[in-house]
Amino acid sequence: MVLSFIDYIIIAVYIAVLAGIGIYFKRRSSSSLEDYFLGGRSLPWWMLGLAGMASWLDMTGTMLITSFLYLLGPRGLYIEFRGGAGLILVFMMLWTGKWHRRSGVITGAEWMKFRFGGGVWGNCARLSSVVATIVLTVGLLAYVFKGAGLFLSMFLPFSPFACALGMVAVTATYTITAGFYGLVIADVIQAGCDILATIAIVVLVIVKITGTNLAAVALSVTGNSDWVTTLPQWQTSMPPGYENYSLLTMVAGFYLLKVFLQGTGSSGMDPKYFGARSDRECGLLSFTQGWFLMARWPLMLGFAVLGLYLVRDLFPDQSVLVQAADLIKLHIGDASKNTWPELTAGLMNHPADYPAALVSGLQQILGTDWMSKLSLLSYEGTVNPERILPAVILASLPVGIRGLLITALAGAAVATSSALLNKATGFLSRDLYQGYIRPHAGRRELISVTYAFSLVMFVISMLVAYRVESLNDIWGWISMGLLGGMGIPNLLRLYWWRFNSCGYTLGMVCGVGGAVLQRVFIPHMPEVNQFLFMGAIGLIGSIAGTYFSKPTDPDVLKNFYCKTRPFGFWGPLKSALSQPDAAAMSKEHFYDLISVPFALAWMVTLLLIPMQLLIGQYRDCIFTSIVFAVALIGLYFFWYKKLPHDPKFTNPPEENEGGRPPCLGGNLKIFTTES
């Protein structure tokens, strides 16, 4: 399992480029906190969009989605409506991104003060936002590092935990030095690598499947007779450990509902929107992300297709996997699902440390190449779909392309974890340390504190990653339990005038606290139940807290309403507007909302079309393309043509000379969405 010299050269060149970017941008990113966290609000929309694409195309997510595409074919897309499909970008593109940019703040927790004001409960809201973001970031980093360990241990003679530690060291060093400038530039380079990798994989897949019956191969390997179809069936066969997804249509519908709830309250923590230069660029950067995310799906489906052929050749009779797993459990009495990758890595790299009867038994069951096959063995005695991607890279790709793919995916892991860390440390240094511990801390002190927080976050995330059973296990909890608990408070803050800081605080404490307790005491709760229970707990806390305390200060509310200009339940404020102002705001909201079905249809069909073309489902592709064209036309007329062009709309509206928000006294000047 040693890479070729050319592969090592490609990887070394990428690491050198990454180091050069970090060193070059270190001084510029250290000029101020705004430079460090937002790039001085000077980066163009296309660059932020490309950077966003690289952040979405992370190594761990790519491995996880490839596993579902391996099991289900293109229909694996519907399971990733829960998060991996990126459908919340639709809402960021249409309105939530520009709403957050208009605040003019640096972090999401600062936005809490902008929305709720100060006082005891205002500070509690800000702190609860910090804590929720830290918990979410720890979970996401643990997810990234778990995947990095599983991926890299396929190529290196170390355990998954040791490989994850190496990834942590690289990411920490780069994130601390580069800041937002360096992250965006590296992400743009990373996006270029991803596109080259996609082209290479697509070509290899076309060559591989030409002259073969892909549907028959998929049936023989996965037992799924509908692998090449693209419409979700009501029920589909799933292997052990994935039975919760067998009711595919119902699962997809539930996840789509979850997208609406999460998406309408989204973007409060993404610095790209705080750092965008205008409302127009907020929309365009999300639109750019969507187009470039299209490249991710044929790449992942390509890995899944190559994985089918690889598994067919390695395991003509998959019953040997059950025998091998049972033999390991017989000799290793304390084998568990979360330690299984460490155990199999130890057997592969140091077989002499294990009982001779176990090693000879595995050789007899799996053959002389048992060590290479062992990496694909799951705890349940099946093919581990989460390791299909690195197995394909190792066994099915030619020299050079293998190095390119490892570089692209390892770089994606660095990009993703760096982006996560940049957001979280912004909260800690700006909102916690400067906000409550050292209000008058200087620039150097704050940036040094940011470095320290980064290291602490990495250590905690590694400890969590070690306890995770699988990628799907941790991702299911993050996307359904944790984000479900955070969803209701984040939703209500944008659409209900009566919702206050006490409601936000109690809602977030109940929702996030419930998700953490569930993870500790009931870790195997079904995903649907996680979302429903945590959402209900968050809702109860939000409503109780809202009516437990008085409404938000009217001046704070008016300032928020005038700058943000949201729709929803804002009757007392909207009724105070003049007739022209109210009409202009209603017109903007009308076009934002009517664009939603077109944007969702555009996004889903954009991801389906290249997958249908790749596996030769041309009839389905014609229908999908018609829907795509209609959606794109609707977006052009209802959204794109309404984006503002005037440069004077670039900055958030400022207060007037009297220090009062511009809407007080009915003197609100709305920036219309007319070009």
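The model shown is predicted, which means the values in this text are computed figures rather than measured ones.

Tell me about the overall build of the chain, and name the residues and values.
Within the chain, the regular secondary structure consists of 29 helices and zero strands. A total accessible area of about 25100 Å² is found for the chain, and carbon and sulfur atoms account for 67% of it.

I'd love a proper account of the packing of aromatic side chains, names of residues and values included.
Tallied over the full model, the rule gives 36 aromatic pairs. Between F254 and F531 the ring centres are 5.5 Å apart and the planes differ by 85 degrees, which places this aromatic pair in the edge-to-face class. Of this pair, F254 sits in helix α11 (residues 248–263) while F531 sits in helix α24 (residues 527–548), and the two are 277 residues apart along the sequence. With a centroid separation of 6.0 Å and an interplanar angle of 90 degrees, the aromatic rings of F287 and W291 are classed as edge-to-face. Note that F287 and W291 are positioned in helix α13 (residues 279–293) at a spacing of four residues, about one turn of the helix. Connected via pairs of aromatic rings, a cluster forms that spans F287, W291, W602, F628, Y636, F637, W639 and Y640. A cation over a ring is seen here: K329 above Y379, with NZ or CZ 4.1 Å from the ring centre. In this structure, R493 is placed above the aromatic ring of W111, and the distance from its NZ or CZ to the ring centre is 4.6 Å.

Tell me about the packing of α13 against helix α28 (residues 596–614), and please be specific about residues and values.
At their nearest, the axes of α13 and α28 sit 9 Å apart, and the two run at 25 degrees to each other. Considering their axes alone, α13 and α28 lie roughly parallel with respect to each other. Each of F287, G290, W291 and L293 in α13 lies in contact with α28, whose residues at this interface are W602, M603, L606 and L607. Considering only residue class, the contact of α13 with α28 consists of seven nonpolar, one polar and no charged.

Residue-level account of the nonpolar core, with values.
In terms of nonpolar packing, the biggest core is built from 190 residues, with F145, F151, I328 and I393 touching the most fellow members. For this core, the element with the highest residue contribution is helix α8 (residues 119–152), accounting for 16 residues. In contact with I328, not counting residues within four places along its chain, are W340, L343, L347, L358, L362, L374 and L377.

Residue-level account of unusual backbone geometry, with values.
A positive phi angle, near 60 degrees, is found at R565, a position not held by glycine. Here R565 lies in the loop between α25 (554–564) and α26 (571–574).

How would you sum up the environment of V509? Please name residues and give values.
With respect to the helices, strands and loops of the structure, V509 is situated in helix α23 (residues 501–521). Counting along the chain gives 28 residues from V509 to I537, while the straight-line C-alpha distance between them is 9.5 Å.

So, the side chain of T564: which residues are in play, and what are the values?
In this structure, T564 sits in helix α25. Take T564: its relative accessible area is 0%, and that puts it in the buried class. Ignoring any residue separated from it by four or fewer positions in sequence, one finds T564 in contact with W99, R102 and F114.

Could you give an account of the side chain of T624, naming the residues involved and the relevant values?
Relative to the assigned elements, T624 resides in helix α29 (residues 618–638). Within polar-contact distance, the side chain of T624 engages the side chain of Q612 at 3.0 Å. Contact partners of T624, with chain neighbours within four places excluded, come to T605, L608, I609 and Q612.

Give a detailed account of the packing of helix α15 (residues 319–331) against helix α17 (residues 356–366), specifying residues and quantitative values.
The description of two helices packed together rests on the angle between their axes and the distance between the axes. Where α15 meets α17, the axes come as close as 10 Å, and the angle between the chain directions of the two elements is 175 degrees. Considered as vectors, α15 and α17 are oriented roughly antiparallel to each other. Contacts between α15 and α17 involve V320, Q323, A324, L327, I328 and H331 on the former and, on the latter, A357, L358, G361, L362, I365 and L366. Within the contact of α15 with α17, the residues separate by chemical class into nine nonpolar, three polar and no charged.

How would you explain the confidence of the model for the chain if you had to name every residue and give the values?
Mean pLDDT over the chain: 84, with 85% of residues reaching 70 or higher. Averaged over each element, pLDDT in the chain is lowest for helix α2 (residues 33–38) (45) and highest for α28 (97). Below pLDDT 50 for its whole length, residues 29–40 participates in 48 contacts with residues either more than four positions away or in separate chains.

Which residues make up the pattern of salt bridges, and what values go with them?
Under the counting rule described, the total for this entry stands at 14 salt bridges. Close ionic contact of E80 with R82 constitutes a salt bridge, the shortest N to O distance being 3.0 Å. Among the salt bridges present, the one from D473 reaches R519, with a minimum N-O distance of 2.7 Å. Pair noted here: D473 is in helix α22 (residues 471–495) and R519 is in helix α23, with a separation of 46 residues, a long-range link. Since its relative accessible area comes to 17%, D473 is described here as buried. Connected through salt bridges with shared partners, the residues K98, R101, R102, D279, R565, E588 and D592 form a single ionic network.

Go over the state of the cysteines with me, naming the residues and quoting the values.
This model, assessed by the stated rule, comprises zero disulfides. Cysteine C502 is unpaired, with the sulfur of C124 as its nearest cysteine sulfur at 8.3 Å. With relative accessibility at 0%, the residue C502 sits in the buried group.

How would you summarise helix α27 (residues 579–594) if you had to cite specific residues and measurements?
The terminal C-alpha atoms of α27, which comprises 16 residues, lie 22 Å apart, in line with the 22 Å expected from a rise of 1.5 Å per residue. Within the span of α27, buried status applies to D581, A582, A584, M585, E588, H589, Y591 and D592.

Calculation rules
- Residues numbered from 1 in each chain as written.
- Predicted model: local features only at pLDDT ≥ 70, side-chain atom pairs only at ≥ 80, totals over all residues.
- Heavy atoms only, no water.
- Helix = DSSP H or I, 4+ residues; strand = E, 2+ residues; numbered from the N terminus.
- Areas by Shrake-Rupley, 256 points an atom, 1.4 Å probe, with all protein chains shown as cover.
- Phe/Tyr/Trp six-rings, centres within 6.5 Å; stacked < 30°, edge-to-face > 60°.
- Lys NZ or Arg CZ within 6 Å of the ring centre and 35° of its normal.
- Axes fitted to C-alpha atoms, helices over the stretch in contact; angles between N-to-C directions.
- Parallel < 35°, antiparallel > 145°, perpendicular 65-115°, else oblique.
- Contact = heavy atoms within 4.5 Å.
- Nonpolar A, V, L, I, M, F, W, Y, C, P; charged D, E, K, R; others polar.
- Core = buried A, V, L, I, M, F, W, Y, C linked by side-chain atoms within 4.5 Å.
- Buried < 20%, exposed > 50% of the residue type's maximum accessible area, 1.4 Å probe, protein only.
- Polar contact = N/O pair within 3.5 Å; in protein donor to acceptor, adjacent residues only side chain to side chain.
- pLDDT = per-residue confidence, 0-100.
- Salt bridge = Lys/Arg side-chain N within 4 Å of Asp/Glu carboxyl O.
- Disulfide = S-S within 2.5 Å.
- Expected span 1.5 Å × (residues − 1).

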